[in-house]
Amino acid sequence: ASLTLDQANIVFNYVTGFANSKKFKPFVKNTLYSPFPEMELRVRNEFGDQVSSYLWARSMSNGGRFLLGHSFGYASTDECAFQPDYTEIENNVIKMRLADRGGALSRFSTPNGVNHFYKYYTYYKAIIESNGDKEFLKKNYPDMKVSDAVNPRDYCVIRLPYDMLPPGFMDGSYRDWE
């Protein structure tokens, strides 16, 4: 999910470029570009049955209403530091879409000051560095809900400076996956 449908389309087009590579193309069953971009991927499970997964590009605008009515096994949010009502959307919309499948959520963003994204970043970093020490987390992050079963292996914080990306990675000309 992205701030706007335009941004969601940018991400979807990048994924489409990757999906059309020689290694990935055999799994792409169908790609729909309108009204909401969607890609169907199909593989066979251990019983030989065809199983589909779907990649969607949706907007978080209007309180995340374009995500309602769907169930996700995985959700990725783009530029969530710039979504003013992101925490509300995550708690009331995204997590509810993930709940029935026990799905996972990844948050991506460039920094935007000390806001909800920064709060997640510092909290998850503390979980990892403290090895999930619940007492340390409760003391230092009293406004966060600390689970009784905090597993630091469930969290990942990646801080990647833009200048460390391969040349052409952000403009779509990087094609190392071909």
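Given the structure is predicted, the values throughout are model-derived calculations rather than measurements. (Residues numbered from 1 in each chain as written. Predicted model: local features only at pLDDT ≥ 70, side-chain atom pairs only at ≥ 80, totals over all residues. Heavy atoms only, no water.)

Details of the overall build of the chain
Link 1 in the chain: Helices and strands together make up the secondary structure of the chain, namely 5 helices and 5 strands.
Link 2 in the chain: Listing each helix as α and each strand as β along the chain from the N terminus yields α-β-β-β-α-β-α-β-α-α.
Link 3 in the chain: Relative to its full complement of 178 residues, the chain shows a buried share of 29%.
Link 4 in the chain: Considering only contacts within the chain whose residues lie at least 6 apart along the sequence, 52% involve residues at least 24 apart.
Link 5 in the chain: If you sum the accessible surface of the chain, you get close to 11700 Å²; carbon and sulfur atoms cover 54% of it. (Helix = DSSP H or I, 4+ residues; strand = E, 2+ residues; numbered from the N terminus. Buried < 20%, exposed > 50% of the residue type's maximum accessible area, 1.4 Å probe, protein only. Contact = heavy atoms within 4.5 Å. Areas by Shrake-Rupley, 256 points an atom, 1.4 Å probe, with all protein chains shown as cover.)

Digging into the pairing of strand 3 (residues 50–56)
Link 1 in the chain: Sheet topology note: the strand 2 (residues 38–44)/strand 3 ladder contains 7 bridges and is antiparallel. Considered in strand 3, the bridge of Met39 is made with Leu55.
Link 2 in the chain: Where strand 2 hands over to strand 3, the hairpin turn is made up of 5 residues, of which Gly48 adopts a positive phi near 90 degrees. (Pairing = 2+ DSSP bridges.)

A closer look at helix 4 (residues 116–129)
Link 1 in the chain: With 14 residues, helix 4 extends 20 Å from end C-alpha to end C-alpha; this agrees with the ideal 20 Å at 1.5 Å per step.
Link 2 in the chain: Three or more residues of helix 4 are buried, namely His116, Phe117, Tyr120, Thr122, Tyr123, Tyr124, Ala126 and Ile127.
Link 3 in the chain: As for helix 4, its buried residues are in contact with helix 3 (86–99), strand 5 (104–108) and helix 5 (134–140).
Link 4 in the chain: Capping the start of helix 4 is the job of one residue whose side-chain oxygen sits 3.1 Å from the backbone nitrogen of Phe117: Asn115. (Expected span 1.5 Å × (residues − 1). Polar contact = N/O pair within 3.5 Å; in protein donor to acceptor, adjacent residues only side chain to side chain.)

Concerning helix 1 (residues 5–19)
Link 1 in the chain: Here helix 1 spans 20 Å end to end across 15 residues, near enough to the 21 Å set by a 1.5 Å rise per residue.
Link 2 in the chain: Taken together, the buried positions of helix 1 are occupied by Ala8, Phe12, Thr16, Gly17 and Ala19.
Link 3 in the chain: In the core, the buried residues of helix 1 are packed alongside strand 1 (28–32), strand 2 and strand 3.

So, the packing of aromatic side chains
Link 1 in the chain: A complete count under the given rule lists 8 aromatic pairs for this structure.
Link 2 in the chain: Between Phe12 and Tyr33 the ring centres are 5.9 Å apart and the planes differ by 85 degrees, which places this aromatic pair in the edge-to-face class. Of this pair, Phe12 sits in helix 1 while Tyr33 sits in the loop between strand 1 and strand 2; the two residues are 21 residues apart in sequence, bridging distant segments of the chain.
Link 3 in the chain: Taking the relative accessible area as the measure of exposure, Phe12 reaches 3% and is therefore buried.
Link 4 in the chain: Where Phe36 meets Phe66, the ring centres are 5.6 Å apart and the plane angle is 50 degrees; that geometry is what we call tilted. Here Phe66 lies in the loop between helix 2 (61–64) and strand 4 (74–78) and Phe36 lies in the loop between strand 1 and strand 2, a separation of 30 residues in the sequence.
Link 5 in the chain: Assessed through its relative accessible area of 22%, Phe66 is described here as partly exposed. (Phe/Tyr/Trp six-rings, centres within 6.5 Å; stacked < 30°, edge-to-face > 60°.)

Observations regarding the sheet that holds strand 3
Link 1 in the chain: Judged by pairing direction, the sheet is antiparallel, and its 3 strands sit side by side in the order 1-2-3 without closing on themselves. Among the strands making up the open sheet, the edge pair consists of strand 1 and strand 3. With direction set aside, neighbouring strand axes in the sheet form an average angle of 15 degrees.
Link 2 in the chain: Across the face of the sheet, helix 1 comes into contact with strand 1, strand 2 and strand 3 while running at roughly 35 degrees to strand 2. (Axes fitted to C-alpha atoms, helices over the stretch in contact; angles between N-to-C directions.)

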